[in-house]
Amino acid sequence: MTVIGESFRPGLHELGVDDKKIVLLYNWVDTDLIKPMQRDNAFSREHNLHEKFVVMYAGNIGLSQGLEHVITAAERLSDHADLHFVFVGEGAAQKQLMTLVKECNLNNVTFIPFQPRERLPEVLAAASVSLVPLRYGIGANSLPSKTYSIFASGRPILACMDAGSEAAELAVQSGAGIHVEPEDPEDLIDKILYLKNNPEKSEQMGLRGRLWAENYHSPGSAAKEIENLFKQLFSV
């Protein structure tokens, strides 16, 4: 039996599955499609983002991400004219968030619909930093696949989720990101400003993420892991 993250192993143990029958196979990302690009690209220019420090969330705008706390951070950072928050996607929480933005009269938040797959490299490249957020208690049993896409894009990650959760650990272990307390706008603000004020650190994180994706989450690395698994199975 395969799992996509170590955090899924304990649940199988509780169901009586022997640990020897569990194999970790991380998801992979198309590192040929998604690769580091210039922030100044067709997508960023289309949405007037190329001259901004962009904090991006791309994916399902759902209830489990706690994205209203990102809006709170945006409100408190509204006096930073060169800082902009971008949500790319759609979902159950989108209407609520858009209403909140309107009520707060925020000009530093933009909502953009899901984009065609071929535009994903440009979308992710438009970010200065990308968010991977989850509410308290959810991160321990979840490993958002967007983490690998962000790695591949060469952008730093702010993992806004439970300390010790696998996505947060991957971000920190790879050197590609920083852990942020979930549902904590003040901690998020501190980490955003840290990356904004330290562009060299931010660039280094992005480069480390790209290298991590190539080494551990590329199609080639996934194929090698599957090949090793079959070798183990047929050697028994």
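Since the model is a prediction, treat every value here as computed from it, not as a measurement.

## Description of the overall build of the chain
Here is step 1 of the chain: Summing up its helical and strand segments, the chain has ten helices and eight strands in all.
Here is step 2 of the chain: Relative to its 236 residues, the chain shows a buried fraction of 50%.
Here is step 3 of the chain: Considering only residue pairs separated by 6 or more positions, the chain has 71% of its internal contacts joining residues 24 or more positions apart.
Here is step 4 of the chain: Counting only carbon and sulfur atoms, one obtains 52% of the accessible surface of the chain, whose full area is about 11,800 Å².

## A look at the pattern of salt bridges
Here is step 1 of the chain: Here the structure, examined in full by the defined rule, presents ten salt bridges.
Here is step 2 of the chain: Its salt-bridge partner being aspartate 187, residue lysine 191 comes within 3.1 Å of it at the nearest N-O pair. A residue pair is termed a helical-turn pair when its members lie 3 or 4 positions apart in one helix, as lysine 191 and aspartate 187 do in helix H8 (residues 185-197) at four residues.
Here is step 3 of the chain: Since its relative accessible area comes to 15%, aspartate 187 is described here as buried.
Here is step 4 of the chain: Each of Glu46, Arg119 and Glu122 takes part in salt bridges that share partners, so that together they form one network.

## Some words on the pairing of strand S6 (residues 129-133)
Here is step 1 of the chain: Of all the five residues making up S6, five are buried; the element is thus mostly covered by neighbouring parts of the structure.
Here is step 2 of the chain: In this sheet, S6 lies alongside strand S3 (residues 53-58) in parallel orientation, the contact comprising two bridges. Along S6, the bridge assignment pairs valine 55 with valine 129.
Here is step 3 of the chain: With four bridges connecting them, S6 and strand S7 (residues 157-160) associate as parallel partners. Looking at the pairing, leucine 131 lines up with leucine 158 of S7.
Here is step 4 of the chain: As for the winding sense of the linkage, the β-α-β connection from S6 through helix H6 (residues 146-153) to S7 is right-handed.

## Considerations on the packing of aromatic side chains
Here is step 1 of the chain: Applying the stated criterion to the full structure yields two aromatic pairs.
Here is step 2 of the chain: Ring geometry for phenylalanine 87 against phenylalanine 111: centres 5.0 Å apart, planes inclined by 15°, an arrangement best described as stacked. Highlighted residues: phenylalanine 87 in strand S4 (residues 83-88) and phenylalanine 111 in strand S5 (residues 109-112), separated in sequence by 24 residues. Grouping residues by exposure puts phenylalanine 87 and phenylalanine 111 together as buried.

## Side note on the packing of H8 against helix H9 (residues 199-216)
Here is step 1 of the chain: Between H8 and H9, whose axes approach to 5 Å, the crossing angle comes to 100°. As far as their axial angle goes, H9 and H8 are roughly perpendicular. Mapping the contact onto sequence places Tyr194, Leu195, Lys196 and Asn197 in H8 and Pro199, Lys201, Ser202 and Met205 in H9.
Here is step 2 of the chain: Class assignment for the residues of the contact of H8 with H9 results in four nonpolar, two polar and two charged.

## Details of the packing of H6 against H9
Here is step 1 of the chain: For the pair H6 and H9, the least separation of the axes is 6 Å and the interaxial angle reads 115°. Here H6 and H9 pass one another in a crossing that is left-handed. Contact residues: Tyr148, Phe151 and Ala152 in H6; Gly206, Gly209, Arg210, Trp212 and Ala213 in H9.
Here is step 2 of the chain: Its residues placed into classes, the contact of H6 with H9 shows five nonpolar, two polar and one charged.

## Focus on empty space enclosed by the protein
Here is step 1 of the chain: What the rule picks out here adds up to one cavity of 30 Å³ or more.
Here is step 2 of the chain: Computed from the structure, the largest cavity encloses a volume of approximately 90 Å³.
Here is step 3 of the chain: Lining of the largest cavity is provided by 14 residues; of these, Gly66, His69, Cys160, Glu183 and Asp184 occupy positions nearest its centre.
Here is step 4 of the chain: Class assignment of the residues belonging to the lining of the largest cavity gives a composition of seven nonpolar, three polar and four charged.

Reading guide: rules and limits
Residues numbered from 1 in each chain as written. Predicted model: local features only at pLDDT ≥ 70, side-chain atom pairs only at ≥ 80, totals over all residues. Heavy atoms only, no water. Helix = DSSP H or I, 4+ residues; strand = E, 2+ residues; numbered from the N terminus. Buried < 20%, exposed > 50% of the residue type's maximum accessible area, 1.4 Å probe, protein only. Contact = heavy atoms within 4.5 Å. Areas by Shrake-Rupley, 256 points an atom, 1.4 Å probe, with all protein chains shown as cover. Salt bridge = Lys/Arg side-chain N within 4 Å of Asp/Glu carboxyl O. Pairing = 2+ DSSP bridges. Right-handed = clockwise from strand over helix to strand, strands pointing away. Phe/Tyr/Trp six-rings, centres within 6.5 Å; stacked < 30°, edge-to-face > 60°. Axes fitted to C-alpha atoms, helices over the stretch in contact; angles between N-to-C directions. Parallel < 35°, antiparallel > 145°, perpendicular 65-115°, else oblique. Nonpolar A, V, L, I, M, F, W, Y, C, P; charged D, E, K, R; others polar. Left-handed = near helix turned anticlockwise from the far one by under 90°. 1 Å grid on protein atoms, 1.4 Å probe; cavity = no way out; pocket = protein on both sides within 12 Å on 5 of 7 lines; lining within 4 Å. Points joined across faces, edges and corners; volume = space filled by probe spheres on them.

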